[in-house]
Structure formats: C-alpha cells, structure tokens
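# Working through the structure, step by step
Single-letter residue listing:
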Amino acid sequence: MIAMLLFQWRLPQASNFAPMVDRLFDFILWFSIISFLIIVVGMVFFLFKYWRKKIPEDKSAYITGHTKTEMSVAFFLLVVVMVIFYWGWIDYKAMKTAPEDALEINVIARQWLWQFQYADGKMLTNELVVPKDKPVSLIMTSQDVLHSFYVPDFRIKQDVLPKMYTNVWFVANKTGPYQVFCAEYCGTSHSQMLAKVKVLEPDDFEQWQMTGELPEGMETKVAPAEASAAVSGAAASTQGEPLAEKGKTLFSNKGCTACHSVTGAAGVGPTLKGLFGHPVELVDGQKVNVDENYIRQSITEPQSNMVKGFQPIMPTFKGQLSEEEINALISFIKSLK
Ligand code: HEC
Ligand SMILES: [Cu+2]
C-alpha cells in the first residue's frame, strides 16, 4: 500500500497529453519542494547559528534592506514564472488545435447525462467509443446549464456551455475503459453524471462501427430496468441514419431550401456550398471564419451575424431545433465542399 502510494501516486497516463501535462506539473511541484526546503532549512540553520544565548552581549546589526539581493531574487522568480507561463502556453496551444484528420464526435451534455453523436448516425449515452492512436475531436454543447467534460486519465477538462460549441481533442494511446466526470456543479445529480470512454484497438473499433459489438471485457453493462439512464449513469446506444443525411432531410423539411442553394447559385440567401472553413464578410465589414459556432449562430440568431449584401429576412430557428438536429444540419453544411 505504501509502496503503491510512493511509486504509483500518479494517475494512469492514457493519452498524448498526459505526459505533457505531467512534465509541467512535475516541474512546478519539484521547484516548489526545492524552494521550500532551501527556505526552511536555511531558516532553521540561522535560527540555531544566531541563537541569542550563544552570543549574549552582541546585538545584531540593523539591516534596512539590500537592493541587489532583493532585485536578483525578484528577477530570478520572474524568470521562473515566465518559463512556467511560456511552457503552459505552448502546451495549451497544442491542446487547443485539433489536427485536420481527427475523428469528429458531437457531445451533448444535459442534466445529468452525456450523449455522443457519431457521423454515421450512432447515438450513445454515457459511453464514448474511440479508436486507439487516432486523434479524436469532440464538439461539445449543453442542452441546459454549464457542465465540464473531464477525463483525468487523459488530462483533459473542458467546460461545456449552452448555446455554443467548445472543443477538446486527444489521442488515446492505451486501450481500456476510462472514467468521464462532469467537473462543473450542475444540479442534484451532478455526481451521477458519469460516462466511460472505451478505447479500442483500431480493428475492434471498425468492427464496432459495423456491428455495434464491443470486444470482450468492454461490453456495456445493461442497467436494471427500473433505473432510467438519466439518473443512473447507465449506457445505451441507438443507430440512426448518418448525421449529414439527417441534416439534408432537415434542410428541406425546415424550408431552408427556399432561400439557400447548395449548388453555388445565390438565391434570397447566400449559397451554403463551400461555406465551412472559409471567411465570410459581414455587413459591418468584419471578416469571420465559418466554424460550427458561426453556423449555429446563423441558424438560431440570424440577425446577429448578417452577411454582407443580404436582407435580414431569415427567420430564427431558435427553440425549433433540438441539439441533435442542429448538429445534423451543421454536419450537412460541412459536407457541402
Ligand atoms: C426566408 C429565407 C431564409 C430561410 C428560410 C433560411 N435562411 Fe438562412 N439565410 C437567409 C439570408 C437572407 C441569409 C443572409 C443574411 C443573414 O446572415 O442573416 C442567411 C444566412 C444563413 C447562413 C449564413 C450564411 C453565410 O454565408 O454566412 C446560414 C448558415 C444559414 N442561413 C442557414 C440556414 C438554415 C440551416 C436554414 C433552415 C433551417 C435557413 N438558413 C433558412 C435566408 C433564409
Ligand atoms: Cu454536469
């Protein structure tokens, strides 16, 4: 037990970010330990060395300050803080920019469960299945309040907000199930808002995508019938049509086709062909890059980012589309290369 504490006090390192985060953590930890020792040992040493009893008559000199020493200590500490800042900034940048070829999965958080929506139409509850050694990018939003997606073994934690998307990515490099927590207090059953990330060998992942079967030891535990998924942290999965297909159907059912072409021809509204990932000029002359958040905002609050050269006639679809449906529409618009 003590040996475990001494040698295994660190959490498992199961993603590309884990060694990175731990290195910086170790640096700060050891710097603090060494500084602490230098200060405390020095203090105790001088305490005994200048004990009054030993030199009864002498009074110590009254020192008002020593600019050189003070400035060099301050400068040294400034350098250390800058090193920590720069180091953290580099790591942070790496954690913020997902590679282009990442597998994208939509995450919808709500009181009190996690839903994972795959491009092929799979929808999992409280269970995220990913391949080993491949970058996975999560595009996350919340249906109600603030949540936070936290996987300690991956060293990732990202707030999940209503009305917008936040992103986190990782490469899981060890197979196995890992615990997901919600790290933002979100109401009564916050502590039950649990999920598992299941990291599979690439072959097993392909197999799972086709058949829905998980390899031995990774099977989903079926929840007792009376416990609903919403409060028990139980997992469930369904297979629907591919996300972009679903989006295409919605696009005509919701009447988007009346104003938007997907072929490149401008209509009452701008064409949505080749929109994603490109800059758009707004009425105020501002140029913005089209990402998931931009499209989401265009659909729910069309007048908040008016495209230059068009009239403010797009009706708002706020409250008329579920998070799943907005994800599907975005997936469809993304596919219009
Ligand atoms: C009545 C016509 C109309 C309908 C219906 C309509 N839109 Fe629009 N839409 C517009 C106009 C006009 C603009 C450009 C002005 C603006 O930004 O609001 C626009 C802008 C957009 C943009 C930003 C385009 C860009 O080039 O930046 C997106 C994305 C969008 N609409 C998606 C949709 C979706 C999805 C639907 C269906 C759920 C829809 N629209 C329904 C008229 C419409
Ligand atoms: Cu939560």
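Our subject is the structure that appears above.
The paragraphs below set out a description of the structure included in this document.

Coordination of the copper ion (ligand 2) by the protein involves H147 (ND1), C182 (SG), C186 (SG) and M193 (SD), with metal-donor separations of 2.0 to 2.5 Å. If you look at the copper ion (ligand 2), its 4 donor atoms make angles of 93 to 125° with each other, and the shape they trace is tetrahedral. When the donor residues of the copper ion (ligand 2) are listed from N- to C-terminus, their spacing reads H-x34-C-x3-C-x6-M.

Moving on, we get to the side chain of D22. Mapping D22 onto the fold places it in helix α2 (residues 17-49). Apart from the residues lying within four places of it in its own chain, the contact partners of D22 are R10, Q13 and R155.

In this section: the sheet that holds strand β4 (residues 127-131). Strands sit in the order β4-β10-β9-β6-β7 across an open sheet of 5 strands; the sheet is mixed. One side of each edge strand has no neighbouring strand; the edge strands of this open sheet are β4 and β7 (156-160). For this sheet, the mean inter-axis angle between neighbouring strands, taken without regard to orientation, is 25°. Pairing of strand β6 (residues 147-151) with strand β9 (residues 176-182), which is carried by 2 bridges, proceeds in the antiparallel orientation. Looking at the pairing, F149 lines up with C182 of β9.

Between helix α7 (residues 292-300) and helix α8 (residues 323-335), whose axes approach to 10 Å, the crossing angle comes to 120°. With respect to α8, the axis of α7 lies oblique. In this structure, α7 crosses over α8, and the sense of that crossing is right-handed. Counting all contacts with α7, which are made through E292, I295, R296, I299 and T300, the residues of α8 involved are E323, I326, L329, I330, I333 and K334. Here the residues of the contact of α7 with α8 sort into 6 nonpolar, 1 polar and 4 charged.

Calculation rules
- Residues numbered from 1 in each chain as written.
- Chains lettered and ligands numbered in written order.
- Predicted model: local features only at pLDDT ≥ 70, side-chain atom pairs only at ≥ 80, totals over all residues.
- Heavy atoms only, no water.
- Donors = N, O, S within 2.8 Å, 3.2 Å for Na, K, Ca; no water.
- Tetrahedral: all angles 85-135°; square planar, octahedral: opposite > 155°, others 65-115°.
- Helix = DSSP H or I, 4+ residues; strand = E, 2+ residues; numbered from the N terminus.
- Contact = heavy atoms within 4.5 Å.
- Pairing = 2+ DSSP bridges.
- Axes fitted to C-alpha atoms, helices over the stretch in contact; angles between N-to-C directions.
- Parallel < 35°, antiparallel > 145°, perpendicular 65-115°, else oblique.
- Left-handed = near helix turned anticlockwise from the far one by under 90°.
- Nonpolar A, V, L, I, M, F, W, Y, C, P; charged D, E, K, R; others polar.

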